[in-house]
Amino acid sequence: MTIKVAVNGALGNMGKTVVRAVSGDPDLKLVAAIDIKGDGSELGTHVGLGELQIPVQNDLAAALKQSQPDVLVDFTTPFAVMQNIETALKLKVRPVVGTTGITEADLETIRQWSQQYGTSVLIAPNFAIGAVLMMLFAARAAQYLPHVEIIELHHDQKIDAPSGTALKTAEMIAKSRAKIGKSQVEELEKLPGARGGNLENIHIHSVRLPGLVAHQEVIFGGIGQTLTIRHDSIDRTSFMPGVLLGIKAIMQREGVIYGLENILNL
Ligand code: NAP
């Protein structure tokens, strides 16, 4: 069965990459493109694919009603993503969401919507398989080296900080490691924020610079040793195998799936 796909945020960096990936997959059919800047112009001209005969629209609900996709891929902004998810779920279109900035409380709301509208949804803070492995390895390492800090590095156009990947890594580490006592040192932060954000006693530091794509280091410290686990997405195509897999997997799954690791056979 061919899966019909709509892409929201289709004129963004990730959206354009998703459009190219979906167009090249024989099991998928791109049926709609939506972006806040959509003006009805031909999608193909924006992504260098020639004539796709798909106009870029700016009204998500109208585009979904008209094109009736099975799946909506969303790479937009943290400000719009919750509304986009609700719109798709209400119309029984399964969202595959890469947009970051979704909180624990948001996830709870999404679980209620998914149940209410009887539609499944996949949310993945990181669609790169290497990043998923980094998170799993970090959670495992934390069982033996519980003292850990995270440095995430992204391009300077990224809105949310810390990254969804860093938050998810910290959540996974916090679940897997034994409780550690509070530091004996009374810290004096001379510049507010110098020690980064703190999630369950794990400090997270966010770097934003032009030239970067998406990178993360998880640094563990033990007696006389450190261990660094690092992942680098050097190109946005790194996320595409995960996105394509996610689109296919959500057709077979129920409820809310949070994290690509839950559909990979690791
Ligand atoms: P981007 O280049 O800014 O693209 C976002 C696109 O969505 C832009 O064209 C933007 O238009 C448009 N947009 C904004 N609000 C919208 C709305 N309400 N409805 C429809 N379109 C809207 O950003 P990006 O680099 O592609 O990243 C997009 C999101 O994906 C971010 O949250 C980022 O953190 C996340 N991301 C996730 C992964 C992952 O693996 N999960 C990987 C990379 C990035 P304007 O330019 O006019 O705002």
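Only a predicted model underlies this, so the values are computations on that prediction, with no experimental measurement involved.

Visitor: Explain helix H6 (residues 129-141) to me, please; I cannot follow it from the model alone.
Guide: Since one α-helical turn is 3.6 residues long, residues separated by three or four positions face the same way. If you check H6, its first and last C-alpha atoms are 18 Å apart, about what 13 residues at 1.5 Å a residue would give, namely 18 Å. Here H6 has its buried residues at Ala131, Val132, Met134, Met135, Ala138, Ala139 and Ala141. As for H6, its buried residues are in contact with helix H7 (164-176), strand E10 (214-222) and strand E11 (225-233).

Visitor: Could you clarify how one ought to interpret the packing of helix H1 (residues 13-23) against helix H8 (residues 240-250) in this entry?
Guide: Helix-helix packing is described using two parameters, namely the angle between the two axes and the distance between the axes. Two elements in contact, H1 and H8, have axes whose closest approach is 10 Å; the angle formed by their N-to-C orientations is 65°. With respect to the hand of their crossing, H1 and H8 are arranged in right-handed fashion. Along its contact with H1, which presents Met14, Thr17, Val18, Ala21 and Val22, the element H8 presents Met240, Val243, Leu244 and Ile247. A class-by-class count of the residues in the contact of H1 with H8 yields eight nonpolar, one polar and no charged.

Visitor: It is not clear to me how the packing of helix H4 (residues 81-90) against helix H5 (residues 104-117) should be interpreted in this structure. Could you clarify?
Guide: Between H4 and H5, the shortest axis-to-axis distance is 9 Å and the interhelical angle comes to 10°. With respect to H5, the element H4 is oriented roughly parallel. Classified by chirality, the crossing of H5 by H4 is right-handed. Contacts from Met82, Ile85, Glu86, Leu89 and Lys90 in H4 reach Asp106, Thr109, Ile110, Trp113, Ser114 and Tyr117 in H5. Residues belonging to the contact of H4 with H5 are distributed by class as follows: six nonpolar, two polar and three charged.

Visitor: Would you mind showing me how to read the packing of aromatic side chains here?
Guide: Two aromatic rings, taken as a pair, are described by how far apart their centres are and by the angle between their planes. For the structure shown, the criterion picks out one aromatic pair. A centroid spacing of 6.0 Å and a plane angle of 55° characterise the contact between Phe75 and Phe127, whose relative ring orientation is tilted. Note that Phe75 is positioned in the loop between strand E4 (71-74) and H4 and Phe127 in the loop between strand E6 (121-123) and H6, a separation of 52 residues in sequence. Judged by relative accessible area, which is 12%, Phe75 ranks as buried. In this structure, Lys168 packs its charged tip against the face of Tyr258, placed 4.8 Å from the ring centre.

Visitor: How should I be thinking about the sheet that holds strand E9 (residues 202-208) in this particular structure?
Guide: Note on sheets: strands pair through backbone hydrogen bonds, and any given pair is parallel or antiparallel. One open sheet accounts for five strands, arranged E8-E9-E7-E10-E11; its pairing is mixed. Across the chains shown, the open sheet's two edge strands, defined by having one partner strand only, are strand E8 (197-199) and E11. On average, each strand axis in the sheet is tilted by 20° relative to the strand beside it, whichever way the strands run. As defined by bridge partners, E8 adjoins E9 across three bridges and the pair is classed as antiparallel. Looking across to E9, one finds that Gly197 is bridged to Ile204. The sheet contacts of H6 involve E10 and E11, and relative to E11 the element is tilted by about 165°. The sheet strands contacting H7 are strand E7 (147-154), E8, E9 and E10, and the helix crosses E9 at an angle near 165°.

Criteria and cut-off values
Residues numbered from 1 in each chain as written. Predicted model: local features only at pLDDT ≥ 70, side-chain atom pairs only at ≥ 80, totals over all residues. Heavy atoms only, no water. Helix = DSSP H or I, 4+ residues; strand = E, 2+ residues; numbered from the N terminus. Expected span 1.5 Å × (residues − 1). Buried < 20%, exposed > 50% of the residue type's maximum accessible area, 1.4 Å probe, protein only. Contact = heavy atoms within 4.5 Å. Axes fitted to C-alpha atoms, helices over the stretch in contact; angles between N-to-C directions. Left-handed = near helix turned anticlockwise from the far one by under 90°. Nonpolar A, V, L, I, M, F, W, Y, C, P; charged D, E, K, R; others polar. Parallel < 35°, antiparallel > 145°, perpendicular 65-115°, else oblique. Phe/Tyr/Trp six-rings, centres within 6.5 Å; stacked < 30°, edge-to-face > 60°. Lys NZ or Arg CZ within 6 Å of the ring centre and 35° of its normal. Pairing = 2+ DSSP bridges.

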